[in-house]
Amino acid sequence: MELRDIEIFLTLAEELHFGRTAERLNVTPARITQAIKKQERQIGALLFERTNRVVRLTPVGEQLRDDLRPLYEGLEHSVRRAKLAAQGQTAVLRVALLPFNYEGLHHYWGEFRRRHPQWELRLHRLSFVDPFGLLRSGQYDAIVVWPPVGDDLTLGPVLFRDTRVLAVSHDHPLADRAEVSVEDLADDLHAMVPDPPPEWEETYLPFTTPSGRPITRGKIATSPDELIDWVGNGDIIHPFPAHVRYHWGVTHVRWIPITDMPPLPYALVWRTETEPVRALAQVISDLSGTA
């Protein structure tokens, strides 16, 4: 298996979407499909289950992902260090985002790269599974999430604050509403990430409505694609930050403003303060006007 094909497989295993994988790797969707079919022929088994609406890893695909990822990351790290040395760059800053890397964030990354060409900025999508643990383990140097965060972590400047919308299927009773309130959230099932800190979960989705009615979680989501798939199927309704509407063009999902849910702030968070982390925090502070 060629190195580029391994990169394609691992990126698709993370994105679970052929179009986004192609965009991220700057190739055509046909190139992604060709590479995956080639790998499946070599292995003799399907690596992904593919339908018109969802892409999932098969058990064989999950095993291959788990086996390849550390080997690829080690090789990639070695090659990248050699390239950095050749280019006069001295460090890589790894930042993982819980919001999608939508257009409103790009000016931060561009300004950091303009001010600090000696450092490489690498952006990742932050996993729903133990996001703070990934920061604490050192897999990332900083993450972008909403507060609160643990006492061992530093909460830095806010990049943006996003209003809230409720996602429902097109045939849901709320689908034709112009707006909804938090009280409306108690009438249906919701989902949440695995084992989140309670205060952090409460900030995203309250456990009760203002009148005291419980807002029930019935599913555990390990990726945003699972959430939108369940919404479209009518299994759940779910509040999202409003920027996700520009990421998902889903015709069978309706987005309804939630009038009494406060905007969700997304801030830079880190555990170990390094010079590149301080520099990125300064860029965010300068451009957003936050301290």
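Here's what I pulled together on the structure shown here.

Calculation notes
- Residues numbered from 1 in each chain as written.
- Predicted model: local features only at pLDDT ≥ 70, side-chain atom pairs only at ≥ 80, totals over all residues.
- Heavy atoms only, no water.
- Helix = DSSP H or I, 4+ residues; strand = E, 2+ residues; numbered from the N terminus.
- Expected span 1.5 Å × (residues − 1).
- Buried < 20%, exposed > 50% of the residue type's maximum accessible area, 1.4 Å probe, protein only.
- Axes fitted to C-alpha atoms, helices over the stretch in contact; angles between N-to-C directions.
- Parallel < 35°, antiparallel > 145°, perpendicular 65-115°, else oblique.
- Left-handed = near helix turned anticlockwise from the far one by under 90°.
- Contact = heavy atoms within 4.5 Å.
- Core = buried A, V, L, I, M, F, W, Y, C linked by side-chain atoms within 4.5 Å.
- Salt bridge = Lys/Arg side-chain N within 4 Å of Asp/Glu carboxyl O.

**Topic: helix α1 (residues 3-15)**
Phase 1 of the analysis: The end-to-end C-alpha distance of α1, which contains 13 residues, comes to 18 Å, matching closely the 18 Å that a straight helix rising 1.5 Å per residue would cover.
Phase 2 of the analysis: For α1, every residue scored as buried is listed here: Asp5, Ile6, Ile8, Phe9, Leu10, Thr11, Leu12, Ala13 and Glu15.
Phase 3 of the analysis: In the stretch just after α1, leucine 16 is the one whose phi turns positive, near 55°.

**Describing the packing of α1 against helix α2 (residues 18-25)**
Phase 1 of the analysis: α2 packs onto α1 with a crossing angle of 130° between their chain directions and a minimal axis gap of 9 Å. Between α1 and α2, the interaxial angle falls into the category oblique. Our pair here, α1 against α2, has a crossing hand that is right-handed. Contacts between α1 and α2 involve Arg4, Glu7, Ile8, Thr11, Leu12, Glu14 and Glu15 from the first element and Phe18, Arg20, Thr21, Arg24 and Leu25 from the second.

**What about the nonpolar core?**
Phase 1 of the analysis: In this structure, Val95, Ile143, Val145, Leu159 and Leu268 are the most contacted members of the largest nonpolar core, which totals 70 residues.
Phase 2 of the analysis: In terms of residue count, helix α9 (residues 275-288) provides more of this core than any other element does, 6 residues in total.
Phase 3 of the analysis: With 19 residues, the next largest nonpolar core counts Phe9, Phe18, Ala35 and Leu64 among its residues.

**Some words on the pattern of salt bridges**
Phase 1 of the analysis: Considering all chains together, one arrives at 23 salt bridges under this definition.
Phase 2 of the analysis: Note that aspartate 5 and arginine 31 form a salt bridge whose closest N and O atoms lie 3.3 Å from each other. Here aspartate 5, found in helix α1, pairs with arginine 31, found in helix α3 (residues 29-43); they are 26 residues apart in sequence, far enough to count as distant.
Phase 3 of the analysis: Aspartate 5 sits in the buried class, given a relative accessible area of 2%.

What is shown is where atoms sit, not what they do.
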